[in-house]
Amino acid sequence: GGAAPRCVPGAPGAETCNGADDDCDGMTDEGLGAVSCGVGACARSVPACLGGAAPPCLPGAPAAERCNGADDDCDGATDEGLGTVSCGVGACARTVAVCAGGAPQGCVPGAPGAEVCDGLDNDCDGMTDEGLGAVSCGVGACARTVAACVGGAAPRCVPGAPGAETCNGADDDCDGMTDEELGTVSCGRGVCARTVPACVGGAPRGCVPGAPGPETCNGADDDCDGATDEDGVCCTPPAAPAPSTCPTSWDRRPVLQFAPLPAGVTYEVWRVGDASPLASLTLVGQNHYRPPSALGPGGPPPGTALRLYVRACRTGAPSCCATSSTVTANLVEACAAPEAPSAANVVFSEYLINGDGGPCPGPDCEAGEAIEITNLSHCPVALAGFHFGYCNPPCDAPSYRWMDFGAEDVIPPRGVYVALRNRATSVCPFPFLGPDDPGLFGLRVSRLAMRGLSLQSGWFHNAGGGMSTLRVASGAFVDITAGTTVARIRPYRGGDPDCRSVGFDAVGACGDPVPGSSPTATLEPNQLGRLWHPCDAVRAPVPATCR
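Residues numbered from 1 in each chain as written. Predicted model: local features only at pLDDT ≥ 70, side-chain atom pairs only at ≥ 80, totals over all residues. Heavy atoms only, no water.

Colleague: Is there a simple way to think about the overall build of the protein in this case?
Modeller: When its secondary structure is counted, the protein shows zero helices and 34 strands. The buried share among the 547 residues of the protein stands at 39%. Across the protein, contacts joining residues at least 24 apart in sequence account for 52% of those joining residues at least 6 apart. As displayed, the protein offers around 27200 Å² of accessible surface, 58% of which is attributable to carbon and sulfur atoms. (Helix = DSSP H or I, 4+ residues; strand = E, 2+ residues; numbered from the N terminus. Buried < 20%, exposed > 50% of the residue type's maximum accessible area, 1.4 Å probe, protein only. Contact = heavy atoms within 4.5 Å. Areas by Shrake-Rupley, 256 points an atom, 1.4 Å probe, with all protein chains shown as cover.)

Colleague: Is there a simple way to think about the sheet that holds strand 13 (residues 244-245) in this case?
Modeller: Strand-to-strand pairing in sheets goes through backbone hydrogen bonds, with the strands running parallel or antiparallel. Read across the sheet, three strands follow the order 13-15-18 without closing on themselves; strand pairing throughout is antiparallel. Single-partner strands in this sheet number two, and they are strand 13 and strand 18 (288-289). In the sheet, strand 13 pairs with strand 15 (residues 256-257) via two bridges, with the strands oriented antiparallel. Across the sheet, the residue bridging to S244 is Q257, located in strand 15. (Pairing = 2+ DSSP bridges.)

Colleague: How should the state of the cysteines be read in this particular structure?
Modeller: Disulfides are covalent bonds that link the sulfur atoms of two cysteine residues. If you walk through the whole model with that rule in mind, you get 14 disulfides. With its sulfur 2.2 Å from that of its partner, C37 forms a disulfide with C57. The disulfide joining C37 to C57 has a torsion of about -85° about its S-S bond and is therefore left-handed. Highlighted residues: C37 in strand 1 (residues 34-37) and C57 in the loop between strand 2 (44-47) and strand 3 (84-87), separated in sequence by 20 residues. Considered together, C37 and C57 belong to a single accessibility category, that of buried residues. Each disulfide pairs two cysteine sulfurs, and for C142 the partner residue is C174, the sulfurs being separated by 1.7 Å. Because the torsion about its S-S bond is 85°, the bridge between C142 and C174 counts as right-handed. With C142 in the loop between strand 7 (134-137) and strand 8 (144-147) and C174 in the loop between strand 8 and strand 9 (184-187), this residue pair connects regions lying 32 residues apart in the sequence. Using a relative accessible area of 3% as the deciding quantity, one classes C142 as buried. (Disulfide = S-S within 2.5 Å.)

Colleague: Can you walk me through the pairing of strand 8 in this structure?
Modeller: On any regular strand, side chains alternate: one points to one face of the sheet, the next to the other face. Sheet analysis places strand 7 next to strand 8, joined by four bridges and oriented antiparallel. When the bridges of strand 8 are listed, V135 appears paired with V146. Linking two consecutive strands that pair antiparallel, namely strand 7 and strand 8, is a turn of six residues; a positive phi of about 80° is found at G138 within it.

Colleague: Help me out: how do you make sense of the side chain of D172 in this one?
Modeller: With respect to the helices, strands and loops of the structure, D172 is situated in the loop between strand 8 and strand 9. As a buried residue without a salt bridge, D172 has its nearest oppositely charged side chain in R144, at a separation of 11 Å. If we ignore the near neighbours within four places in the chain, the residues touching D172 are A141, P162, G163, A164, E165 and T166. (Lys, Arg positive; Asp, Glu negative; His and termini not counted. Salt bridge = Lys/Arg side-chain N within 4 Å of Asp/Glu carboxyl O.)

Colleague: Would you explain the pattern of salt bridges in this entry?
Modeller: Any two side chains of opposite charge can pair if their charged atoms end up close together. Per the stated rule, a full pass over the model turns up four salt bridges. Taking the shortest distance from any N to any O, the salt bridge between R66 and D72 comes out at 4.0 Å. Note that D274 is salt-bridged to R271, the shortest N-O span being 2.9 Å. Since its relative accessible area comes to 29%, D274 is described here as partly exposed. On the basis of relative accessible area, R271 is assigned to the partly exposed category, the value being 22%.

Colleague: Where do I start with unusual backbone geometry in this structure?
Modeller: Most peptide bonds take the trans configuration, and most residues that are not glycine carry a negative phi. In this model, P301 is joined to P302 through a cis peptide bond whose omega is 10°. For the bond from V542 to P543, the omega torsion is -5°, close enough to zero to count as cis. Position of P543 relative to the elements: it lies in the segment after strand 34 (522-523). With a phi angle near 60°, D129 is a residue other than glycine that sits in the positive phi range. Structurally, the position occupied by D129 is in the loop between strand 6 (103-104) and strand 7. According to the relative accessible area criterion, D129 is buried, its value standing at 9%. Even without being glycine, D179 reaches a positive phi, approximately 55°. Assignment of secondary structure puts D179 in the loop between strand 8 and strand 9. Using a relative accessible area of 12% as the deciding quantity, one classes D179 as buried.

Colleague: Sorry, what's going on with the side chain of D29 here?
Modeller: Residue position: D29 is located in the segment before strand 1. Among buried Asp, Glu, Lys and Arg side chains, D29 stands out as unpaired, with R44 the closest opposite charge at 23 Å. Polar contacts involving the side chain of D29 include one to the main-chain amide nitrogen of N18, which spans 3.1 Å. Separated by 3.1 Å, the side chain of D29 and the backbone nitrogen of G19 make a polar contact. (Polar contact = N/O pair within 3.5 Å; in protein donor to acceptor, adjacent residues only side chain to side chain.)

Colleague: Teacher, can you tell me more about the sheet that holds strand 26 (residues 401-404) here?
Modeller: Here we have five strands laid out as an open sheet, ordered 30-26-25-31-32, and antiparallel in their pairing. With one partner strand each, in any of the chains shown, strand 30 (451-452) and strand 32 (485-489) form the two edges of the open sheet. In this sheet, strand 31 (residues 469-474) lies alongside strand 25 (residues 386-391) in antiparallel orientation, the contact comprising six bridges. Across the sheet, residue H387 finds its bridge partner in strand 31, namely A473.

Colleague: What exactly am I supposed to notice about the nonpolar core here?
Modeller: Considering soluble globular proteins, one finds that nonpolar side chains tend to be buried as a cluster. Counting 19 residues, the largest nonpolar core has F348, I373 and F388 as the members making the most contacts within it. Non-local contacts of I373, meaning those with residues more than four positions away in its chain, are made with V346, V347, F348, L383, F405, I411, G415, V416, Y417 and V472. Counting residues in each nonpolar core, the second largest holds 16 residues, with F258, Y267, L306 and L308 among its members. (Core = buried A, V, L, I, M, F, W, Y, C linked by side-chain atoms within 4.5 Å.)

Colleague: Where do I start with the packing of aromatic side chains in this structure?
Modeller: How two aromatic rings sit relative to each other is set out by the distance from centre to centre and by the angle between their planes. Applying the stated rule across the entire model yields seven aromatic pairs. Taken together, a centroid distance of 5.7 Å and an interplanar angle of 80° make the contact between Y400 and F477 edge-to-face. Taken together, the residues Y400 in the loop between strand 25 and strand 26 and F477 in the loop between strand 31 and strand 32 connect sequence positions 77 residues apart. Exposure class is identical for Y400 and F477. Each is buried. Taken together, a centroid distance of 4.4 Å and an interplanar angle of 10° make the contact between W402 and F477 stacked. You can see W402 sitting in strand 26 and its partner F477 sitting in the loop between strand 31 and strand 32, a full 75 residues away along the chain. These aromatic residues form a ring-pair network of at least three members: F348, F388 and Y390. (Phe/Tyr/Trp six-rings, centres within 6.5 Å; stacked < 30°, edge-to-face > 60°.)

Right, here's the structure in full:
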């Protein structure tokens, strides 16, 4: 051939994994693809041919599943196994997956509804069929009440069976009435007859007859003895008494005065509102009554009003009576707290100027002459820390005479304190004056001795131009001007016969003070305690005393 031969390339073939350029494109083992292995987060991919050989494909290692939208544990599932979350109760209960769409999911409970009787918790409060109320049926002892819903269904209310009515405060026969038709009970006769229901307030009621009264002439059985107008009650009653009393009673034993009791008549003394009389008086001529003990506790001045009246009845015909009008006495309470003497609560007096027990001067001169300090209040008056002093003209030191009071010198409420000069040798009687006498509203006879000069002459001289003076004053005696004056006596009329005198600073008929008065009445035998002894206010008292 002498000519250059023509070079003809071979025919290309399919590329295979052999390290050669099988398809004659200048590249080796290209276009053979890739090989994959594993799933999810474990998935891997390698070239199908590397260096003329197929390399191995190794998947990644699996991890714990998380809520991220990936297959973390390489099991072909996404976000699985992460559990659920629940919320709400009853009909509101809900349960959802913890993770949805690769994100955490919140639980929202359902909306509650009204509770109905279906065995469910419709209002989502943890209770079933509650608050649906109750159903009642029947009355009295038959009454029953059942819950409106039990076990998801409404139960039937069945009333109890009625019984016989008894006295127990209940509706035993279930007719809407209590203790009915059990009858009545009667007792007593005349105006005392009573009929009451056999049962009241669920308990058998006893029948108490009315209180009998005095038989009167009225055609009725007033004393409930089965007879009418007996004992001669249809008669002419005696005259009605006309009682009177002092308006104030300091010892709560007011003296009631009335016309003398005539023969054949009984006086009954009544307190308004009492069921029985305080006393029945049968002594012919009796003209007063004083209770033996206090009629009540009383009150602070002016006291507590007590109303009294008197019935005059024919003796032997206790219903033939006439009743007086009522009178009122104010009872003043006792007081235990001592007060100091003052111009408002004491009256100071001297008496028995002519009590001649012997010649003057001398140890018995004017024996029986006395001072009296009267307590006008309802509290004790304590004289301790005060003195009594007096002098005659010219009222200088030689004529001073006095007594200092001590702790034992206490004047009881409305009581009388008496300092009596040489009582034992006085020619004047003291018919009412014994030892210290609480019955005389606390009369107390002083045991103190006078001090000073000229004690053998009379105490108080009414001459001398009116310069004599007696006084009660504060503090211990120093002279006739010492201390603050509580009460003072200026000279008054003298010259009366022995055992008679004229009082000073008088007190009214029932113990009421009359300041500044100058009485002229002659007092016999003397003044001491006269206005404080309750019987002294009764003219010619029958009986002679009410102590």
